[in-house]
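Single-letter residue listing:
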Amino acid sequence: MDNNNQTTYQFTTSQKIYLPFKRLIGIFGSVVGIVVCFVLLWWWVIPVNAIVTKGHPFFVHKRLGKDKKVFGLIKFRSMKLDANPNRAPSSMNAEEQKSMETGFGKFLRKTSIDETPQLLNIFVGQMAFIGPRPGAATNEEGLIAERDSFFPCAYEVKPGISGLAQVKMKRGHNPKLKASYDSEYIKTISLLNDIKLFFTTLFKMFVGAR
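Values in this document were obtained by computation on a predicted structure and should not be read as measured data.

1. Structural notes on the overall build of the chain
Piece 1. Summing up its helical and strand segments, the chain has 8 helices and 4 strands in all.
Piece 2. Helices and strands in the chain line up, N terminus first, as α-β-β-α-α-α-β-α-β-α-α-α.
Piece 3. By the burial criterion, 41% of the 210 residues in the chain qualify as buried.
Piece 4. Sequence-distant contacts in the chain: of pairs separated by 6 or more residues, those separated by 24 or more amount to 72%.
Piece 5. A total accessible area of about 11500 Å² is found for the chain, and carbon and sulfur atoms account for 64% of it.

Listed below in structure tokens is the structure:
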């Protein structure tokens, strides 16, 4: 792994037992999620967003996963086609982000529906439901450096749709604080903690969509 910590983090025995089980949860959970999302959402969101985005309903963004391997994170496109695909949202202020969103995209982002295609990333093993949120592969050198400065660092595990940092932090970009929460998550990773983070994320998502 290319980071400042040359020693690989040693998970506890209980964590070593849980991590393969977590992958099984990801497989079965993502299959259920994909079916539910298709029945309730995707059958109409995909064609509507295809019309709004002129045939480009999905957006694949290069992110850093476990061991800093680059993968394509799948989302519903919420930005206009002329938006810079290599510019990280964290480098934009709120007004800039809003000006680049489509009308339908604002709805997708507010309800977090734009994130649901990441179930496909979970199914193929690139992500998990809970874990450090994957940073962009480019233009987020600050976050990468901060994560590298912690031990264990975020790249020890698969990234997640949500994680401790997303639950604890308010909206905004604080790379050092995010990296510290990522490291804390890895030290305390367990089935119970993941369940708590999962349901806290759902609660915040539904409250935020109101």
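The rest of the description comes next.
2. What to know about helix H5 (residues 141-148)
It helps to recall that an α-helix has 3.6 residues per turn; residues three or four apart then point in one direction.
Piece 1. Those residues of H5 not exposed but buried are Leu143, Ile144, Arg147 and Asp148. All buried residues of H5 fall inside an arc of 135° around its axis, so they share one side.
Piece 2. Those residues of H5 that are buried are in contact with strand E1 (58-64) and helix H7 (175-187).

3. Overview of the confidence of the model for the chain
Piece 1. Considering every residue of the chain, the mean pLDDT works out to 90; 90% of them sit at 70 or more.
Piece 2. Counting contacts from residues 1-6, a segment whose pLDDT is below 50, to residues more than four positions away or on other chains yields 15 contacts.

4. Section: the environment of isoleucine 189
Piece 1. Mapped onto the fold, isoleucine 189 is located in the loop between H7 and helix H8 (191-209).
Piece 2. Sequence separation between isoleucine 189 and serine 14 is 175 residues; the distance between their C-alpha atoms is 9.5 Å.
Piece 3. Beyond its immediate stretch of four places on either side in the chain, isoleucine 189 contacts Phe11, Gln15, Tyr18, Leu19, Lys22 and Asp194.

5. Focus on the pattern of salt bridges
Piece 1. For the coordinates displayed, the defined rule picks out 8 salt bridges.
Piece 2. One salt bridge in this structure joins lysine 22 and aspartate 194, with 3.3 Å as the shortest N-O distance. Remark: aspartate 194 occurs in helix H8 and lysine 22 occurs in helix H1 (residues 13-52); sequence separation between them is 172 residues. Residues lysine 22 and aspartate 194 agree in their burial class; the two are buried.

6. Re the nonpolar core
Piece 1. Ranked by internal contacts, the top residues of the largest apolar core, which has 29 residues, are Trp42, Val45, Leu119 and Tyr185.
Piece 2. Those elements giving two or more residues to this core turn out to be H1, strand E2 (70-76), helix H3 (103-110), helix H4 (118-123), strand E3 (128-130), helix H6 (164-168) and H7.
Piece 3. Broken down by element, this core gets its largest block of residues, 6 residues, from H1.

7. Section: the packing of H5 against H7
Piece 1. The N-to-C vectors of H5 and H7 enclose an angle of 40°; their axes lie 8 Å apart at closest approach. For the element pair H5 / H7, the angle class is oblique. Between H5 and H7 the crossing geometry is right-handed. Counting all contacts with H5, which are made through Gly142, Leu143, Glu146 and Arg147, the residues of H7 involved are Pro175, Lys176, Lys178, Ala179 and Asp182.
Piece 2. Of the residues belonging to the contact of H5 with H7, the class tally is 3 nonpolar, 1 polar and 5 charged.

8. Quick word on the side chain of glutamate 156
Piece 1. Within the secondary structure layout, glutamate 156 lies in the loop between H5 and strand E4 (160-162).
Piece 2. Lacking a salt bridge, the buried glutamate 156 has lysine 66 as its closest oppositely charged neighbour, with an N-O distance of 6.3 Å.

9. Remarks on the pairing of E2
Piece 1. Summarising burial for E2: 5 of the 7 residues are buried, a large majority.
Piece 2. Sheet topology note: the E1/E2 ladder contains 7 bridges and is antiparallel. Within the sheet, the bridge partner assigned to valine 60 lies in E2 and is isoleucine 74.

Quick notes on the rules
- Residues numbered from 1 in each chain as written.
- Predicted model: local features only at pLDDT ≥ 70, side-chain atom pairs only at ≥ 80, totals over all residues.
- Heavy atoms only, no water.
- Helix = DSSP H or I, 4+ residues; strand = E, 2+ residues; numbered from the N terminus.
- Buried < 20%, exposed > 50% of the residue type's maximum accessible area, 1.4 Å probe, protein only.
- Contact = heavy atoms within 4.5 Å.
- Areas by Shrake-Rupley, 256 points an atom, 1.4 Å probe, with all protein chains shown as cover.
- Arc of directions from axis to C-beta.
- pLDDT = per-residue confidence, 0-100.
- Salt bridge = Lys/Arg side-chain N within 4 Å of Asp/Glu carboxyl O.
- Core = buried A, V, L, I, M, F, W, Y, C linked by side-chain atoms within 4.5 Å.
- Axes fitted to C-alpha atoms, helices over the stretch in contact; angles between N-to-C directions.
- Parallel < 35°, antiparallel > 145°, perpendicular 65-115°, else oblique.
- Left-handed = near helix turned anticlockwise from the far one by under 90°.
- Nonpolar A, V, L, I, M, F, W, Y, C, P; charged D, E, K, R; others polar.
- Lys, Arg positive; Asp, Glu negative; His and termini not counted.
- Pairing = 2+ DSSP bridges.

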